[in-house]
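Chain residues, written in single-letter form:
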Amino acid sequence: MKIVLATKNKDKIREIKDILKDTVVEFVGLDEFEFLGVVEDGKTFFANAKKKAFETSRHTGLPALADDSGLVVPALDGAPGLYSSRYAGKNATYEDNVGKLLKELTGKTDRKAKFVCVCVLFFPGGRYFTARGEIKGLITEEPIGRAGFGYDPVFFVPGIRKTLSEIPQFEKNKMSHRGIAFRKMAEIIKRMKLSPPQADATLPPQADEDAHHPDKDGEQTKSAVAGVKSE
Ligand code: ITT
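Residues numbered from 1 in each chain as written. Predicted model: local features only at pLDDT ≥ 70, side-chain atom pairs only at ≥ 80, totals over all residues. Heavy atoms only, no water.

A.B. asks: Where do I start with the overall build of the protein in this structure?
C.D. replies: Along the protein, the regular secondary structure elements total five helices and eight strands. Reading the protein from its N end, one meets helices and strands in the order β-α-β-α-β-α-β-β-β-β-α-α-β. Counting only residues that meet the buried cut, the protein has 50% of its 231 residues in that class. Taking all contacts inside the protein whose residues are at least 6 apart in sequence as the whole, residues at least 24 apart take part in 65%. Surface exposure of the protein reaches about 11,800 Å², of which carbon and sulfur atoms provide 51%. (Helix = DSSP H or I, 4+ residues; strand = E, 2+ residues; numbered from the N terminus. Buried < 20%, exposed > 50% of the residue type's maximum accessible area, 1.4 Å probe, protein only. Contact = heavy atoms within 4.5 Å. Areas by Shrake-Rupley, 256 points an atom, 1.4 Å probe, with all protein chains shown as cover.)

A.B. asks: Where do I start with helix 5 (residues 177–191) in this structure?
C.D. replies: The periodicity of an α-helix, 3.6 residues per turn, causes residues three or four positions apart to be oriented the same way. Here helix 5 is 15 residues long and its end C-alpha atoms lie 22 Å apart, about the 21 Å a rise of 1.5 Å per residue gives. Of all the positions in helix 5, only His177, Arg178, Gly179, Ala181, Phe182, Met185, Ala186, Ile188 and Ile189 are classed as buried. (Expected span 1.5 Å × (residues − 1).)

A.B. asks: What exactly am I supposed to notice about the nonpolar core here?
C.D. replies: Note on soluble globular proteins: their nonpolar side chains tend to be buried together. Residues Leu20, Leu65, Leu121, Phe182 and Met185 are the most contacted members of the largest nonpolar core, which totals 21 residues. Looking at this core, the elements with two or more residues in it are strand 1 (2–5), helix 1 (10–19), strand 4 (112–122), strand 5 (127–139) and helix 5. Sorting elements by how many residues they give to this core places helix 5 first, with six residues. Once residues within four sequence positions are removed from consideration, Leu20 is found in contact with Phe27, Leu65, Phe182 and Ala186. (Core = buried A, V, L, I, M, F, W, Y, C linked by side-chain atoms within 4.5 Å.)

A.B. asks: How should the pattern of salt bridges be read in this particular structure?
C.D. replies: Opposite charge on two side chains allows them to pair when their charged atoms are near. As enumerated under the stated definition, the model contains 16 salt bridges in all. A salt bridge links Glu134 to Lys114, with the shortest nitrogen-to-oxygen separation between them at 3.4 Å. One end of the pair, Glu134, is in strand 5; the other, Lys114, is in strand 4, and 20 residues separate them in sequence. Its salt-bridge partner being Lys174, residue Glu171 comes within 3.8 Å of it at the nearest N-O pair. Placement of the pair is Glu171 and Lys174 together in helix 4 (residues 169–175), with a separation of three residues, close to one helical turn. (Salt bridge = Lys/Arg side-chain N within 4 Å of Asp/Glu carboxyl O.)

A.B. asks: What exactly am I supposed to notice about the site of the ligand here?
C.D. replies: Neighbouring residues of the ligand: 20 residues in total, closest Thr7, Glu40, Lys52, Asp152 and Lys172. Lys8 places a main-chain nitrogen or oxygen 2.9 Å from an oxygen atom of the ligand. Notes on the ligand: free accessible area 610 Å², of which the protein chains cover 92%. Only strand 3 (64–72) and helix 5 provide two or more residues apiece to the shell around the ligand. With four residues, the top contributor of residues to the shell around the ligand is strand 3. Among the residues forming the shell around the ligand, the class breakdown is three nonpolar, eight polar and nine charged. (Near = heavy atom within 4 Å. Polar contact = N/O pair within 3.5 Å; in protein donor to acceptor, adjacent residues only side chain to side chain. Nonpolar A, V, L, I, M, F, W, Y, C, P; charged D, E, K, R; others polar.)

A.B. asks: Would you mind going over the environment of Ser85 with me for this structure?
C.D. replies: Following the sequence through the fold, Ser85 ends up in the loop between strand 3 and helix 3 (94–104). Along the primary structure Ser85 and Tyr151 are separated by 66 residues, whereas in three dimensions their C-alpha atoms are 9.6 Å apart. Every residue in contact with Ser85, bar those within four places of it in the chain, is listed here: Ala92 and Asn97.

A.B. asks: I tried to follow the packing of aromatic side chains on my own but got confused; where do I start?
C.D. replies: Centre-to-centre distance and the angle between the planes together describe a pair of aromatic rings. The tally for this structure, following the rule as stated, stands at six aromatic pairs. Here Phe46 and Tyr128 contribute two aromatic rings whose centre-to-centre distance is 6.1 Å and whose plane-to-plane angle is 45 degrees, an arrangement assigned as tilted. Of this pair, Phe46 sits in helix 2 (residues 45–60) while Tyr128 sits in strand 5, and the two are 82 residues apart along the sequence. Note on Tyr128: relative accessible area 1%, which makes it buried. Between Phe122 and Tyr128 the ring centres are 5.9 Å apart and the planes differ by 15 degrees, which places this aromatic pair in the stacked class. Both residues of the pair, Phe122 and Tyr128, count as buried. (Phe/Tyr/Trp six-rings, centres within 6.5 Å; stacked < 30°, edge-to-face > 60°.)

And the structure:
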């Protein structure tokens, strides 16, 4: 089964390919298609992930797998949250975003945070599957370590007493929000036994409006097209 990885973030691609390396799936990169991407204007990680997967599947005619992820800091009312990649501005670098985060947390004793990842696998015809993962941690006072990407250098995991930038990628994948979500998705893909759902219905324009957040892990299998049944 060919699946398009619906992300432009090379760091995410590297992690996702590693996490799913034992799945019998051929991944195609977005760079093989002329596609400008989607506007991430959803109100939840799930809505954004579904939109990325839906738009990519519609554009390519292939099943598409997307993730929307971010850092949630309760002491900052949930920021940077959905805006994690552009926290310090539209073209912000990882360093800019980390800098802003540390500045906003200056003087705050509550350093609790979590990473969230929601992935969606969307099939032409309208069926989709979703899975979610989270990891809890604390934001450090300054960046520590060189591995990983994004907010990893300031994300301290109490259980291992290290930041996610102080451990190799395979260790991060074992415990990370993305590792958890995508391993659940790997199970879903395995259960499909390489016979993906087929339907030739045309997606209605409002297909993405059904953005209820499936908070239960890994269970939501729902059709965005009337008349196409989920299992
Ligand atoms: P696509 O939309 O093309 O997938 P993106 O980087 O914009 O790429 P998101 O909208 O999901 O992806 O934003 C995710 C941001 O959250 C990412 O840019 C990082 O700043 C942060 N982030 C997500 N997962 C992370 C991780 O494992 N480690 C560190 N930072 C992470």
